[in-house]
Amino acid sequence: MTSASWTLQRPLLTDTLHAFYATDPTRHERRQVHEWLMDACIDPVALGGPDPDVDGLWFGRVVETNLGVLYSIDPKQMKVFVSIIR
């Protein structure tokens with residue numbers, strides 16, 4: 001995409017992480033999700049693919065886990081909106 005940084009949208013991310021932590025993830029899962037989120041600031045398009053049925057919705061797998069992330073992006077403003085981690 002570009003060398004500029006993308007921005008994770010805080011209010012939604014905070015709520016999403018609270019819901020994720022409520023599922024009692026392992027330390028490894030937490031670490032891998034953190035890595036996924038940091039990578040999303042570099043290139044969220046490379047981390048997943050668009051949902052073929054819902055315009056603007058993306059899904060990415062978290063490596064070395066059985067977790068996935070549901071998110072959307074705003075390419076014009078370089079924003080990432082993480083809505084579900086499961």
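Coordinates for the structure precede this section.
In this text, all values refer to a predicted model and were calculated from it rather than measured experimentally.

All right, on to the packing of aromatic side chains then. One pass over the full model with this rule turns up three aromatic pairs. Ring centres of Phe20 and Tyr21 lie 5.7 Å apart, and the angle between their planes is 45°; this geometry places the pair in the tilted category. Since its relative accessible area comes to 36%, Tyr21 is described here as partly exposed. When the ring of Trp36 is compared with that of Tyr71, the centres are 5.1 Å apart and the planes differ by 75°; the resulting orientation is edge-to-face. Of this pair, Trp36 sits in helix α2 (residues 27–40) while Tyr71 is found in strand β4 (residues 68–74), placing the two residues 35 residues apart along the sequence. For the pair formed by Trp36 and Tyr71, the shared burial category is buried. Through successive ring pairs, a cluster of aromatic residues spans Trp36, Trp58 and Tyr71.

With that settled, the discussion passes to unusual backbone geometry. Outside of glycine, negative phi angles account for most residues, and trans bonds account for most peptide bonds. Even without being a glycine, Asp24 presents a positive backbone phi close to 60°. Here Asp24 is to be found in the loop between α1 (10–21) and α2. Given the relative accessible area of 65%, Asp24 is considered exposed.

It is worth spelling out the sheet that holds strand β2 (residues 49–50) at this point. Read from one edge to the other, the open sheet built from five strands follows the order β1-β5-β4-β3-β2, with strand pairing classed as mixed. Both edges of this open sheet fall to β1 (7–8) and β2, since each of them pairs with a single strand only. The pairing of β1 with strand β5 (residues 79–85) spans two bridges and is parallel. Each residue of the ladder has a partner; that of Leu8, found in β5, is Val80.

Calculation rules
Residues numbered from 1 in each chain as written. Predicted model: local features only at pLDDT ≥ 70, side-chain atom pairs only at ≥ 80, totals over all residues. Heavy atoms only, no water. Phe/Tyr/Trp six-rings, centres within 6.5 Å; stacked < 30°, edge-to-face > 60°. Buried < 20%, exposed > 50% of the residue type's maximum accessible area, 1.4 Å probe, protein only. Helix = DSSP H or I, 4+ residues; strand = E, 2+ residues; numbered from the N terminus. Pairing = 2+ DSSP bridges.

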